[in-house]
Amino acid sequence: MMLGLNRKDASLLLIVAILVALAPIFLNPFPEQSGLAQFNAGYPDLMQRFVIFGIFAIGFNILFGLTGYLSFGHAAFLGAGSYAGVWMLKLLTINVIPAIIISTAVAGIFALIIGFISLRRSGIYFSILTLAFAQMSFALAASVLTPITGGETGLQTALDDPRILDSTNTTGNIPAPSIFGLQMGDSFQISLGGWLWTFNVGYYLSAIVMLSAFYLAIRIFRSPFGIMLRAIKSNQQRLNYTGLNTKPYMLACFVISGMYAGLAGGLMVSMDPLAGAERMQWTASGEVVLMTILGGVGTLIGPVLGAGLIKYFENIFSKINDNLLHKWFAFMPDGAEDFIVSIIYPFVGKGWHLTLGLIFMAVIIFLPGGLVELGQKVASIFKKKGSTPSNTPNTEPAE
Amino acid sequence: MDQIILQILNGLDKGSAYALIALGLTLIFGTLGVVNFAHGALFMLGAFCAITFSRILSLSKVVVDETQKDFLGNPLKVDVPYIYDWFGESAGQVLINWSVPLAILFAIPVMIIIGVLMERGLIKHFYKRPHADQILVTFGLAIVLQEIIKYYFGANQIPNPAPEAFIGSFDFGAAIGLKAGTIIYPYWRIVYFCFAMLLIGSVFAFLQFTTFGMVVRAGMADRETVELLGINIDKRFTIMFGVAAAVAGLAGVMYTPINPPNYHMGMDFLVISFVVVVVGGMGSLPGAVAAGLLLGILESFASMRQVIEALPGINQVVIYLAAIVILLTRPRGLMGRKGVMEE
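Residues numbered from 1 in each chain as written. Chains lettered and ligands numbered in written order. Predicted model: local features only at pLDDT ≥ 70, side-chain atom pairs only at ≥ 80, totals over all residues.

Chemist: What's the story with the overall build of chain B in this structure? I'm lost.
Modeler: Looking only at helices and strands, one finds 15 helices and four strands in chain B. Looking at the 343 residues of chain B, the share that counts as buried comes to 46%. Restricting to contacts in chain B with at least 6 residues of sequence separation, those with at least 24 account for 75%. (Helix = DSSP H or I, 4+ residues; strand = E, 2+ residues; numbered from the N terminus. Buried ≥ 20, exposed ≤ 12 C-beta atoms within 10 Å, placed from the backbone. Contact = placed C-beta atoms within 7 Å.)

Laid out in structure tokens, this is it:
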């Protein structure tokens, strides 16, 4: 009923909004001085990444989750958006709003061109075509397009940029990206007991953008357009037989998805005005696939969870080293301690990719619905125990 | 003229690596209908079979050598590979020197076992699932395999030299009557190309001239009928998966002297191999081989100085460009069969 959402979706949006707003607090569950403080994820840089990659994954999920078209080249749009964003910061103004808008638009145009060609095929051919385009963009950005992209060193802002809308200022430091005077890096810190909470401008800007993107995604999922996309996933041939041309729907979906990626790219450079070609490489496209699948493909909240999980792994889990492991298992007898540490060590710290790969495989094999399905299964176990099993009618739309 | 020949030769060795990997991919796809994103990892595992084998050969014990003295006059401690004890010193040195070609013998059983385990343990459960799931699970497997190798061998490239007999270059220009010194080509690349052709030839011969191969081809054409005739086609397809893994592995073994392997070499090759398979036509073995060689040659032509000057950056993108053009104009690829993965 609220904002054109039904009760279930509205409460989901509300929960996500509350969680995102309070993230600086509950992502720092351990006091600053405690040994577990390194598992605190509530610092601005990482929180920004959580929400920005959340946007990227939401966008990818609109394409893959709704239509089943697996794009292996989505990072190209993220990269295109990043470059466009940095150029806006260089040429126009250090205010991030034009940068974010233009990067979304540029990624949209880029997606329109690539989508127009790639969508002529489906299935694995579509995956290969998107992969080929992304690799081409990456190779060109790293070599020939160096004047536009900064080549392998990347594109960044400089002191003598024109910035035609800003008052000229060629002394002092390179201006940091800001929004109406508030710099992205500005933070407001509260220290309470042993805890330290950081409320960061850049994070809250990204969070607001992410929530609007999430809201839009819910609306797309529930719209007739979204239902059409699901129909394409379940049986495109039959749709064609009914005389319906699916191509415009697919193209629109692809462009929307690309614009989400561009939006994420624009936010990324707003937080840190540096765009490199490796952002377009196919491993980056693979990462967003991992995020979406891990979280739960085709679900609303799944991609955000997946993005958070992977970024947490990458930044926190990867810092566990063997000294720390020895400290944790110090209560054991010496032999047992070394044995346990030597077993666990390959999976943590630098080996976090191994754990990620194993979890990913386990999810694909046993839980095609990702973390969301896991949550539903666990919830249903508790429900059965708690109350008498009732035959609740299945409210999911038939697919 | 000599430039053109040189570029063709340059393209052939990279092209033959593409062709070998693409051949394995196509074998798996044609028999089991599985899109195997872990195939690059199999290539990488093969390369590390060669590394492991040369390390096994040079496993050493420390011996105090009374004949050699260090500067203080104490006897020197020398590493003596165990293999010297077994085969004598001169034969041992020859064995270590020839570790790369010998690693083939080691890699074949290892790779077949890995392939069969992979098929029985994981891929088997994915026949009925959509292609996207197959891509994703093998992609995950590739990450896991890479990380295991990275854990044991580190992240750096590990050099693994070719036998001394093949170090150096061959003056190809002089041999075909052109001016000496114009076309110089390393021996090992010639070996690699010949080896690849031999391997491709034997895979084709195996499929064409043995009863086993005949059954496999029949199974590729019409699986159900073969099963109705009472033949256990699953077992044969599993073995073919092992063969495909071995082909990728051998391509990796022989590639180690050209490019020292590291844990993500497989991913670098995988993307291009997929492009090769698609260009050649899904499910067509000759198509995969032809497309591999063609794209290899195309790539080396595009990296000629004159071409780069005319079209900057073309060397980086020519393979992908070719793939896009072919996919859009000839949807089945160069030699694709009708009805195989049309959508």
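Okay, back to it.
Chemist: What am I meant to see in the interface of chain A and chain B here?
Modeler: How big an interface is tends to be expressed through the accessible area that disappears when the partners come together. Each side of the interface is counted separately: chain A has 33 residues, and chain B has 33 residues. Those elements that place two or more of their residues in the side of chain A that touches chain B are helix H5 (123-142), helix H10 (282-295) and helix H14 (352-366) of chain A. Sorting elements by how many residues they give to the side of chain A that touches chain B places H5 of chain A first, with 12 residues. Tallied by class, residues from the side of chain A that touches chain B come to 21 nonpolar, 10 polar and two charged. (Nonpolar A, V, L, I, M, F, W, Y, C, P; charged D, E, K, R; others polar.)

Chemist: So what exactly am I meant to see when it comes to the confidence of the model for chain B here?
Modeler: Residues shown with low pLDDT carry predicted positions that ought not to be read at fine detail. Residues with a pLDDT of 70 or more make up 95% of chain B, whose mean pLDDT is 83. Taken together, the chains of this predicted complex give a pTM of 0.86 and an interface ipTM of 0.82. (pLDDT = per-residue confidence, 0-100.)

Chemist: Just checking my understanding: could you explain helix H1 (residues 2-32) of chain B for this structure?
Modeler: Each α-helix winds once per 3.6 residues, and so residues spaced three or four apart point in a common direction. Residue and element names in this part refer to chain B. Given a rise of 1.5 Å per residue, 31 residues ought to cover 45 Å, and the 44 Å separating the end C-alpha atoms of H1 matches this to within 8%. The largest bend along H1 reaches roughly 30° and is located at Asp 13. Within two residues after H1, Gly 33 carries a phi angle of roughly 70°, on the positive side. (Expected span 1.5 Å × (residues − 1). Bend = angle between axes of the 7 residues up to and from the residue.)

Chemist: In this structure, what is going on with the nonpolar core? I would like to understand it.
Modeler: Note that soluble globular proteins tend to have their nonpolar side chains buried in a common cluster. In terms of nonpolar packing, the biggest core is built from 218 residues, with Ile 55 and Phe 56 of chain A together with Val 275 and Ala 323 of chain B touching the most fellow members. For Ala 323 of chain B, the residues in contact, after removing those within four places along its chain, are Ile 128 and Ala 132 of chain A together with Val 275, Val 278 and Val 279 of chain B. (Core = buried A, V, L, I, M, F, W, Y, C linked by C-beta atoms within 7 Å.)

Chemist: Explain the pairing of strand S2 (residues 75-81) of chain B to me, please; I cannot follow it from the model alone.
Modeler: Consecutive residues of a regular strand have side chains that alternate between opposite faces of the sheet. Residues and elements named next belong to chain B. The pairing of strand S1 (residues 60-69) with S2 spans seven bridges and is classified as antiparallel. Residue pairing in the sheet places Val 62 in a bridge with Asp 79 of S2. Joining the antiparallel neighbours S1 and S2 is a turn of five residues, in which Gly 73 adopts a positive phi near 90°. (Pairing = 2+ DSSP bridges.)

Chemist: What's the story with the environment of Phe 188 of chain A in this structure? I'm lost.
Modeler: Structurally, the position occupied by Phe 188 of chain A is in strand S4 (residues 187-192). Considering only alpha carbons, one finds Phe 188 of chain A and Leu 274 of chain A, 86 residues apart in sequence, at a separation of 24 Å.

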